[in-house]
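Understanding the architecture of this molecule
Here are the chains, one letter per residue:
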Amino acid sequence: MEPDYFAHPSADVEPGARIGAGTKIWHLAHVRAGAVVGAGCVLGRNVYVDVGATVGDLVKIQNNVSVYQGVTLEDEVFVGPCAVFTNDLRPRAQHPDWQITPTVVRRGASIGANATVVCGTEIGAYAMVAAGAVVTRDVAPYQLVAGNPARHLGWVDEQGNVVSRGAERPTPVSP
């Protein structure tokens, strides 16, 4: 039976990976057995989706991104090129009691190119993480953050337009 997604001939989709209808997996991407990728997604060149990682529907992951075990990307998330997710708060080459520290990126959030998301954080719905930011703590829904460590810069609507530079979230945030 023919899959209802597209995988470039150079992509490696392991048996046991669950891929939704209409998803496109491009050059040199690797989706591990036990990974879940929703419908209508785009996984760019050299994207890696690990065992136990979850990618929702209509997610776009740009080139050179690794989505490790313990990372959940909800529906309509955008991940820019070379963004980094971690899953280990105290990394060591040898650690017999190693445990995954989960990360959640909520619906519609955007993560800019070369941003780093430290594990154990939650990025709220429709939040925007600027390119190069280092996220070390939770990002509120609709919040715009930038810098190292990532700091509050304002609030965005569902289309990503800056609607306020104030400290307090405006109501309503989106139209």
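The shown structure was predicted, so the numbers you read here are calculated from the model rather than taken from an experiment. (Residues numbered from 1 in each chain as written. Predicted model: local features only at pLDDT ≥ 70, side-chain atom pairs only at ≥ 80, totals over all residues. Heavy atoms only, no water.)

Looking at the overall build of the chain
Formally: A run of H or I in DSSP counts as a helix once it spans at least four residues, and a run of E counts as a strand once it spans at least two, with each numbered from the N terminus. Note on method: radius of gyration uses C-alpha positions; expected globular size equals 2.2 Å times residues raised to 0.38. Only protein chains enter the accessibility calculation, which uses a 1.4 Å probe. A residue is then buried if its area is under 20% of the maximum for its type, exposed if over 50%, and partly exposed in between. By definition in these notes, contact holds between two residues if any of their heavy atoms fall within 4.5 Å. Residue-level accessible areas treat just the shown protein chains as cover; the underlying method is Shrake-Rupley with a 1.4 Å probe.
Along the backbone of the chain there are zero helices and 23 strands. Relative to the globule expectation of 16 Å for 175 residues, the C-alpha radius of gyration of the chain, 16 Å, shows essentially globular dimensions. For the chain, the C-alpha atoms occupy an extent of roughly 55 × 40 × 20 Å along the three principal directions. When each of the 175 residues of the chain is scored for burial, the buried share is 40%. Within the chain, contacts between residues at least 6 apart in sequence are counted, and of these 15% link residues at least 24 apart. With the model as given, the accessible surface of the chain reaches about 8800 Å², and the carbon-plus-sulfur share is 52%.

A short note on the packing of aromatic side chains
Applied cut-off: Two rings belonging to Phe, Tyr or Trp (six-membered ring only in the last case) form a pair when the distance between their centres is within 6.5 Å. Interplanar angles under 30 degrees mark stacking, angles over 60 mark edge-to-face geometry, and anything in between is tilted.
What the rule picks out here adds up to three aromatic pairs. Pairing Tyr-48 with Tyr-68 gives two aromatic rings, centres 6.0 Å apart and planes at 55 degrees, and the pair type is tilted. Of this pair, Tyr-48 sits in strand S8 (residues 48–49) while Tyr-68 sits in the loop between strand S11 (66–67) and strand S12 (71–73), and the two are 20 residues apart along the sequence. You can call Tyr-68 partly exposed: its relative accessible area is 31%. Taken together, a centroid distance of 5.6 Å and an interplanar angle of 20 degrees make the contact between Tyr-126 and Tyr-142 stacked. One end of the pair, Tyr-126, is in the loop between strand S18 (122–123) and strand S19 (128–129); the other, Tyr-142, is in the loop between strand S20 (134–135) and strand S21 (143–146), with 16 residues separating them in the sequence. The same class applies to Tyr-126 as to Tyr-142, namely buried.

Structural notes on the sheet that holds S21
Where we set the bar: A pair of strands counts as paired when DSSP detects no fewer than two bridges linking them.
The strand order across the open sheet formed by 10 strands is S1-S4-S7-S10-S13-S16-S19-S21-S22-S23, and the pairing between neighbours is mixed. Every other strand in the sheet has two partners, leaving strand S1 (6–7) and strand S23 (162–164) as the edge strands with one partner each. Two elements, strand S22 (residues 151–156) and S23, share two bridges in a ladder whose sense is antiparallel. Considered in S23, the bridge of Val-156 is made with Val-162.

Let's talk about the side chain of Thr-23
Using the following cut-off: Under this definition, polar contacts are N or O atom pairs within 3.5 Å; protein pairs additionally need one hydrogen-donor-capable and one acceptor-capable atom, and for neighbouring residues in sequence, both atoms have to be side-chain atoms.
Along the chain, the position of Thr-23 falls in the loop between strand S3 (18–19) and strand S4 (24–25). In this structure Thr-23 comes out as buried when scored by relative accessible area, which is 0%. At 2.6 Å, the side chain of Thr-23 forms a polar contact with the backbone oxygen of Gly-38. In contact with Thr-23, not counting residues within four places along its chain, are Tyr-5, Phe-6, Val-37, Gly-38, Ala-39, Gly-40, Cys-41 and Leu-43.

Topic: the environment of Pro-9
Looking at the secondary structure, you find Pro-9 in the loop between S1 and strand S2 (12–13). On the accessibility criterion, Pro-9 (76% relative accessible area) is exposed. Spatially, the C-alpha atoms of Pro-9 and Ala-29 are 9.9 Å apart, while their sequence positions differ by 20 residues.

Observations concerning the sheet that holds S3
With respect to topology, six strands assemble into an open sheet ordered S3-S6-S9-S12-S15-S18, the strand pairing being parallel. The sheet is open, and its two borders are formed by S3 and S18, each paired with just one other strand. Sheet topology note: the S12/strand S15 (residues 103–105) ladder contains three bridges and is parallel. Pairing of Leu-73 across the sheet is with Val-105, part of S15.

By themselves, these figures tell us nothing about what the structure is for.
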